[in-house]
Structure formats: structure tokens, C-alpha cells
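So the chains spell out like this:
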Amino acid sequence: MIISWNTTRLCNQFCVHCYRQAGDAVDPDELTTAQGLELISGIAEAGFKILILSGGEPLMRPDIYQLIEHGRGVGLRVVLGTNGVLITEEVARRLKEAGAARVGISLDHIDPKMHDEWRRMDGAWEASVAGMANCRKVGLPFQIHTTVTERNEACITEMTDLAVDLGAAGHHIFFLVPTGRGKDIEAESLRAADYERLLARILEKQREVEIELKPTCAPQFMRIAKKKGIPMRYTKGCLAGTAYCVIIPNGDVQPCPYLPISVGNVKETPFPVIWRDSVLFKELRANELKGRCGSCDCADICGGCRARAYYYSDGDYMAEEPWCLYRPSEKEALVSE
């Protein structure tokens, strides 16, 4: 099981697609160090294995090394989700010494200018790539995270080639879900046919490269991989509330970062209790989906994106996935085949 803690809303960038609406202001209700350490212990107690510390920009929390060290101490594999700009060689070394197993660094375009415009920060591309180089110097594994929209869809597999050249261990591609500031660019999100084509391209690219390629917020990749005979180490596409959840900076627990429904707050209720007893989580675990997702023969390995269903159905997180072309009863070939 895997969990994310958005440790802060503070960030040194102001990305157009940020689901957490991060910026230069600290959330006054942000979890303290003591509360964070207690949360991490509760995460391990609840049976989670992987903890992602992200933000905002987690490296702007002065206690980030202490949080990483504690996570490692209670048996968690701790990874960091960062824009990489602050990763000097010294920072990379401290992250490794604290026990970080891997760092995920955001890079959204092969063109530095396009990346910088998206991140609203001059020099962001070069600084992020320098952060990757510093991780490589000290032997700290890193992977590249790319959010995909119409702006960069055409160059995604070129981004994978860049990831290989830079020494990344993986390339994780996040399909935009309109949440936070991402709502403002909803019109740029890929629709069904382009969504399906890109998933097929990514999975075909996986045959060519040794690093791991992982589409995220695009659970149909499991169906396409199965159809193409491409082995995956994953068991299901959408894990929201079943084997994954997120804690946002103020301590609220949500099924995923893109599904903005709180099921409790760790300041008021211990995390293991929330994870075990949440009615919403139990509903997601029952997997009684509606519409085409409910009758789909791939529901057990896909599940549809619950966050995207929530947004496009005006709040029904059990509704059908809107950007899926698959029709089990129809014989027409899909664009991914």
C-alpha cells in the first residue's frame, strides 16, 4: 500500500496545474513536526509500505530530513515528490543519509521555455535537471514526473528518452485531473481518443526502454497493457481509498490528491482509525461502480479514475470514467489496438 502526505502548501513555484494550489503562503493549519511524526507512525501501524512526502515543495519544510528519518525508522520506504530546484549536492546527500529511497522530480516538457512558462519560474528547467544531476552524483535514485495535457502530449515519449539520458530510474506520467489550479486549464486535458492513443504510445515505449513507465490518473493503462501482453507489476489502475490515500497539509485525509473529499482529520482521529472505518473508503473498496464502469469486464484491474468521475459528474465519485472508449460488447477496434 502507498500513501502521500502533502506536507506543505508552501512552494517556490506557482504551477498552472497545481492540484494543491501551492504558493508563497504557509497554511496556518499545517501539521507540526510532532503531529507529522505521530502521523508517520500511524501510517506504518495501518500497514502502509511506501510514504510519499510531497507538497507544495517539501524541501521548504525545515524538518523534512527528520520526517524522512522517522519514516525509515518505522519501516516505511520513503520517497520525495519535488520540483527539484532546491536539490544541491549537499541537499541530495542529506536526503540520502536521512533515508530517502528515491526522489520524484517534476519535468513537464523537453523545451525549457515551455516548462518554465508552465511552472511560472525562469530557469526552472535547468534547475530541476541540475537537481537530478546532484542526485546522481550522490547515488540517490530519482524518477521524472510529467503532467500531460495538450501542451506536451506530442513529446511525452521524447521525455522518456530524456529521462533515460539523464539517468532516471523511471518516468511517471500524470494525466491532468481538473483540481485546484488545474481547473483553470481543464480545456487542455486530453479527451478519450487522444487519452487512449497516448496510453498505447507509452506502453509501446515501455517495450523499448528499461526504466519503468507509469501512467497515473489513467487506470485504463492496465486494460491496454493486458491486451498488448505487456507485464505490469501493478494489480489495479485506480487505488483511491483501497490501497492509497493522501493527507493534505492541514491533516485532512482524502482518497487521492485529485478527489477533494475529506473523510476525517488526523488531528482529531488517529490515521489508522480513519483508514479502517471511513464510510467513503468502504464504498470505494466495494467497487460498486455506476454506468459503463459498473458493467465493464475490466473493472477489477482498472476501476476508472474516481477523481475524474467526481469532477465530470458534479460530485459522484462512483460514476463512470468519462474519458474511456472501451465497450466490451462492441466489436469496433479501439485506437490503442
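Look above for the structure.
Residues numbered from 1 in each chain as written. Predicted model: local features only at pLDDT ≥ 70, side-chain atom pairs only at ≥ 80, totals over all residues. Heavy atoms only, no water.

Chemist: So, the overall build of the protein: which residues are in play, and what are the values?
Modeler: A tally of regular secondary structure across the protein gives 12 helices and 9 strands. In terms of overall size, the protein behaves like a compact globule, its C-alpha atoms giving a radius of gyration of 19 Å where 337 residues would be expected to give roughly 20 Å. Dimensions along the principal axes, computed over C-alpha positions, put the protein at roughly 55 × 45 × 35 Å. Taking contacts inside the protein between residues at least 6 apart in sequence as the whole, the part at least 24 apart equals 70%. (Helix = DSSP H or I, 4+ residues; strand = E, 2+ residues; numbered from the N terminus. Rg over C-alpha atoms; globule rule 2.2 N^0.38 Å. Contact = heavy atoms within 4.5 Å.)

Chemist: Can you break down helix H10 (residues 279-286) residue by residue, with the values?
Modeler: Within H10, burial applies to Leu280, Phe281 and Leu284. End-on view of H10: buried residues confined to an arc of 100°, all on one side of the axis. On its buried face, H10 is in contact with strand S8 (244-247), strand S9 (253-254), helix H9 (271-277) and helix H12 (306-312). Backbone nitrogen of Leu280 and a side-chain oxygen of the N-cap are separated by 3.3 Å at the start of H10; the cap is Ser278. (Buried < 20%, exposed > 50% of the residue type's maximum accessible area, 1.4 Å probe, protein only. Arc of directions from axis to C-beta. Polar contact = N/O pair within 3.5 Å; in protein donor to acceptor, adjacent residues only side chain to side chain.)

Chemist: Report on the state of the cysteines, specifying residues and quantitative values.
Modeler: In this structure the tally under the stated criterion is 0 disulfides. The thiol of Cys293 is unpaired, and the distance to the nearest cysteine sulfur, on Cys302, comes to 6.4 Å. This cysteine, Cys302, is not joined by any disulfide, and Cys324 carries the nearest cysteine sulfur, 6.1 Å off. (Disulfide = S-S within 2.5 Å.)

Chemist: Give a description of unusual backbone geometry that names residues and reports values.
Modeler: Residues Gly55 and Gly56 are joined by a peptide bond in cis, for which omega reads 15°. Position of Gly56 among the secondary structure elements: in the loop between strand S2 (50-54) and helix H2 (64-73). In the Ramachandran plot, Gln21 falls in the positive-phi region, its phi being about 50° despite a non-glycine side chain. By secondary structure assignment, the location of Gln21 is in the loop between strand S1 (2-6) and helix H1 (33-45). Gln21 gets classed as partly exposed once you look at its relative accessible area, which sits at 48%. Non-glycine residue Asn287 carries a positive phi angle of around 60°.

Chemist: Outline the sheet that holds strand S5 (residues 142-148), supporting the account with residue identities and numerical values.
Modeler: Taken in spatial order, the 9 strands line up as S7-S6-S5-S4-S3-S2-S1-S8-S9 in an open sheet, and their pairing is mixed. Edge positions in the open sheet fall to strand S7 (212-216) and S9, since each of these has one partner strand only. Two elements, S1 and S2, share 5 bridges in a ladder whose sense is parallel. Paired with Ile2 across the bridge in S2 is Ile50. Each of S5, strand S6 (170-175) and S7 touches helix H7 (residues 192-206); the most contacted strand, S7, lies at about 165° to it. (Pairing = 2+ DSSP bridges. Axes fitted to C-alpha atoms, helices over the stretch in contact; angles between N-to-C directions.)

Chemist: Explain the packing of aromatic side chains to me, and be specific about the residues and the numbers.
Modeler: This structure, assessed with the given rule, holds 9 aromatic pairs. A centroid spacing of 4.8 Å and a plane angle of 80° characterise the contact between Tyr311 and Tyr312, whose relative ring orientation is edge-to-face. Residue Tyr311 is classed as partly exposed on the basis of its relative accessible area, which comes to 29%. An aromatic cluster is present here, built from Phe48, Phe271, Trp275 and Phe281 joined pairwise through their rings. Above the plane of the ring of Trp275 lies Arg285, whose end atom (NZ or CZ) is 4.4 Å from the centre. (Phe/Tyr/Trp six-rings, centres within 6.5 Å; stacked < 30°, edge-to-face > 60°. Lys NZ or Arg CZ within 6 Å of the ring centre and 35° of its normal.)

Chemist: Residue-level account of the nonpolar core, with values.
Modeler: Ranked by size, the top nonpolar core spans 92 residues in total, and within it Leu95, Phe175 and Phe271 carry the most contacts. Not counting residues within four places of it along the chain, the set of residues in contact with Phe271 comprises Ile3, Leu39, Gly42, Ile43, Ala46, Phe48, Cys245, Ile247, Val253 and Val266. (Core = buried A, V, L, I, M, F, W, Y, C linked by side-chain atoms within 4.5 Å.)

Chemist: Kindly report on the side chain of Gln206, identifying the contributing residues and their values.
Modeler: Counting through the fold element by element, Gln206 comes out in helix H7. Among the polar contacts listed, one links the side chain of Gln206 to the backbone oxygen of Ile211, at a separation of 2.9 Å. Non-local contacts of Gln206, meaning those with residues more than four positions away in its chain, are made with Ile211, Glu212, Leu213 and Ile230.

Chemist: Please set out the packing of helix H4 (residues 112-119) against helix H5 (residues 124-138) residue by residue, giving values where relevant.
Modeler: H5 packs onto H4 with a crossing angle of 100° between their chain directions and a minimal axis gap of 7 Å. With respect to each other, H4 and H5 are oriented roughly perpendicular. Between H4 and H5, the residues in contact are Pro112, His115, Asp116 and Arg119 and Ala124, Trp125, Glu126 and Ser128, respectively. Residues of the contact of H4 with H5, tallied by class, amount to 3 nonpolar, 2 polar and 3 charged. (Parallel < 35°, antiparallel > 145°, perpendicular 65-115°, else oblique. Nonpolar A, V, L, I, M, F, W, Y, C, P; charged D, E, K, R; others polar.)

Chemist: Provide a residue-level description of the pairing of S6, including the pertinent values.
Modeler: The buried fraction of S6 amounts to 6 of the 6 residues, a majority that puts the element mostly inside the structure. Residues of S6 alternate between two faces, with Gly170, His172 and Phe174 on one and His171, Ile173 and Phe175 on the opposite face, all of them buried. Note that S5 and S6 share 5 bridges and pair parallel. Across the sheet, residue Ile144 finds its bridge partner in S6, namely His171.

Chemist: Give me the pattern of salt bridges: which residues, what numbers.
Modeler: Inspection of the entire model under this criterion finds 20 salt bridges. For the salt bridge of Asp108 with Arg119, the shortest nitrogen-to-oxygen distance reads 2.7 Å. Taken together, the positions of Asp108 in the loop between strand S4 (102-106) and H4 and Arg119 in helix H4 put the pair 11 residues apart, joining distant regions of the chain. Accessibility expressed as a relative area gives 0% for Asp108, which makes it buried. (Salt bridge = Lys/Arg side-chain N within 4 Å of Asp/Glu carboxyl O.)

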